[in-house]
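# Coordinate analysis (summary)
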Amino acid sequence: MKDLKHKTVAILATNGFEESELKSPKDALLEAGAEVHIVSLESGEIKAWADGDWGDAYKVDKTLDQVSQSDYNALVLPGGVINPDLLRRETKAISFVKSFFENHKPVAAICHAPWLLAEADVLQGRKVTSFHSIKTDIINAGAKWVDQEVVVDQGLVTSRSPEDLPAFNAKVIEEIKEGKHDMQTA
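Structure report, in brief. As the structure is a prediction and not an experimental result, all values here were calculated from the model. (Residues numbered from 1 in each chain as written. Predicted model: local features only at pLDDT ≥ 70, side-chain atom pairs only at ≥ 80, totals over all residues. Heavy atoms only, no water.)

### Some remarks on the overall build of the chain
In plain terms, the rule: In this description a helix means any DSSP run of H or I spanning at least four residues, a strand means any run of E spanning at least two, and both kinds are numbered starting from the N terminus. Restricting the calculation to C-alpha atoms gives the radius of gyration, and the globule rule supplies 2.2 Å times the number of residues raised to the power 0.38. The rule is simple: take the accessible area with a 1.4 Å probe, protein chains only, and divide by the maximum for that residue type; under 20% is buried, over 50% is exposed, in between is partly exposed. Residues are treated as being in contact if the distance between any of their heavy atoms lies within 4.5 Å. Shrake-Rupley sampling with a 1.4 Å probe provides the accessible areas, and residues are treated as covered by the protein chains on show and by no other component. Only four residue types enter the tally: Lys and Arg on the positive side, Asp and Glu on the negative side, with His and both chain ends excluded. Here the site of a charge means atom NZ of a Lys, CZ of an Arg, CG of an Asp or CD of a Glu.
Each helix and strand in the chain was counted, giving six helices and 12 strands. Computed over C-alpha atoms, the radius of gyration of the chain comes to 14 Å, within 12% of the 16 Å expected from 2.2 N^0.38 for 186 residues, which places it in the range of a compact globule. Expressed along its principal axes, the backbone C-alpha trace of the chain runs to roughly 35 × 35 × 30 Å. Counting all 186 residues of the chain, 53% fall into the buried class. Look at the contacts in the chain between residues 6 or more apart in sequence, and 67% of them connect residues 24 or more apart. A total of about 8,300 Å² of accessible surface is found on the chain, and carbon and sulfur atoms cover 45% of it. Between the averaged position of the 21 positive side-chain charges in the chain and that of its 30 negative side-chain charges there is a distance of 5 Å.

What follows is the structure in structure tokens.
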């Protein structure tokens, strides 16, 4: 069933993303009928991190300079430690993330990716989860952290780790299908 036909989703990533946390949501979104773009800081390819070492290279479809939230129905943020730590240092990346909240669009973040949400200052009062090692960072950003495989708060989907990908992918598709969420704000 192509529930997401005519929907376009951005996956924001750079070198060091957790391979399964990009590949699995991307495959699920494509299967659901969405068009999916890997958006990054620079054109070319970005390298995955998998099983404690560098993984496959993935083609960048668009750079941050070429896109706006208005081009997309939703945003997916894969984790890994390296990827979100590099992205949260980039003003353009943080502005891009925040713009989805300002426009009430679904955002999904897994593992360490909620670091980007903390940097974008969009976690105040929200119920979220993440990889357990960044729990304190997420709480300090104003969120109510819980230990659950997937948490949805007004269009924001969060999960803890690759083990949660089936539940994460299902909720991402559900939230995108629902569309904009009025309470999804920055």
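### Focus on the sheet that holds strand β2 (residues 17–18)
The condition that has to hold: The pairing criterion is simple: DSSP has to find at least two bridges between the two strands.
Spatially, β2-β4-β5 is the arrangement adopted by the three strands of the open sheet, whose pairing is mixed. Among the strands making up the open sheet, the edge pair consists of β2 and β5 (53–59). Note: strand β4 (residues 45–50) against β5, five bridges, orientation antiparallel. Of the residues in β5, the one forming a bridge with E45 is K59.

### Focus: the sheet that holds strand β3 (residues 35–40)
Stated formally: Throughout, an axis means a line fitted to C-alpha atoms (over the contacting stretch in the case of helices), and angles, computed between N-to-C directions, take values from 0 to 180 degrees.
Strand order in the open sheet formed by seven strands is β6-β3-β1-β7-β8-β12-β11, and the pairing between neighbours is mixed. Of all strands in the sheet, those bounded by a partner on one side alone are β6 (62–63) and β11 (150–153). Alignment of β3 against β6, held across two bridges, turns out to be parallel. Bridge pairing links V39 to K62 in β6. Contacting β1 (8–12), β3, β7 (74–77) and β8 (107–110), helix α1 (residues 19–31) runs over the sheet at an angle of about 150 degrees to β3. Contacting β1, β7, β8, β11 and β12 (156–159), helix α6 (residues 165–178) crosses the sheet at an angle of about 175 degrees to β12.

### Description of α6
Here is the rule we go by: Multiplying 1.5 Å by the residue count of a helix minus one yields the expected span of that helix.
With 14 residues, α6 ought to run about 20 Å at 1.5 Å a step, and its terminal C-alpha atoms sit 20 Å apart, in line with that. Within the span of α6, buried status applies to L165, A167, F168, N169, V172, I173, E175 and I176. Just downstream of α6, G179 is the residue with a positive phi angle, here 90 degrees.

### Observations concerning the pattern of salt bridges
Quick reminder of the rule: Salt-bridge detection follows one rule: a side-chain nitrogen of Lys or Arg within 4 Å of a carboxyl oxygen of Asp or Glu.
What the rule picks out here adds up to 10 salt bridges. The partner of K177 in a salt bridge is D3, with the nearest N and O atoms 3.8 Å apart. Taken together, the residues K177 in helix α6 and D3 in the segment before β1 connect sequence positions 174 residues apart. For K177, a relative accessible area of 49% puts it in the partly exposed group. Judged by its relative accessible area of 28%, D3 is partly exposed.

### Some remarks on the nonpolar core
Our working definition: Residues belong to a common nonpolar core when they are buried Ala, Val, Leu, Ile, Met, Phe, Trp, Tyr or Cys residues joined through side-chain atoms within 4.5 Å.
If you look at the biggest cluster of nonpolar residues, it comprises 31 residues, and the most contacted ones within it are L12, L75, L77, F96 and L117. Looking at this core, the element that brings in the most residues is helix α3 (residues 91–102), giving six residues. Among all residues touching F96, those that are not within four sequence positions of it are A10, L12, L64, V67, S68, Q69, Y72 and L75. Listed in part, the 29 residues of the second largest apolar core include A32, V36, I38 and L165.

### Re α1
Here α1 spans 18 Å end to end across 13 residues, near enough to the 18 Å set by a 1.5 Å rise per residue. Here α1 has its buried residues at E19, E21, L22, P25, A28 and L29.

### Quick look at the pairing of β7
Neither face of β7 is open: one carries A74 and V76, the other L75 and L77, and all of them are buried. Alignment of β7 against β8, held across three bridges, turns out to be parallel. By the bridge assignment, L77 is partnered in β8 with A109.

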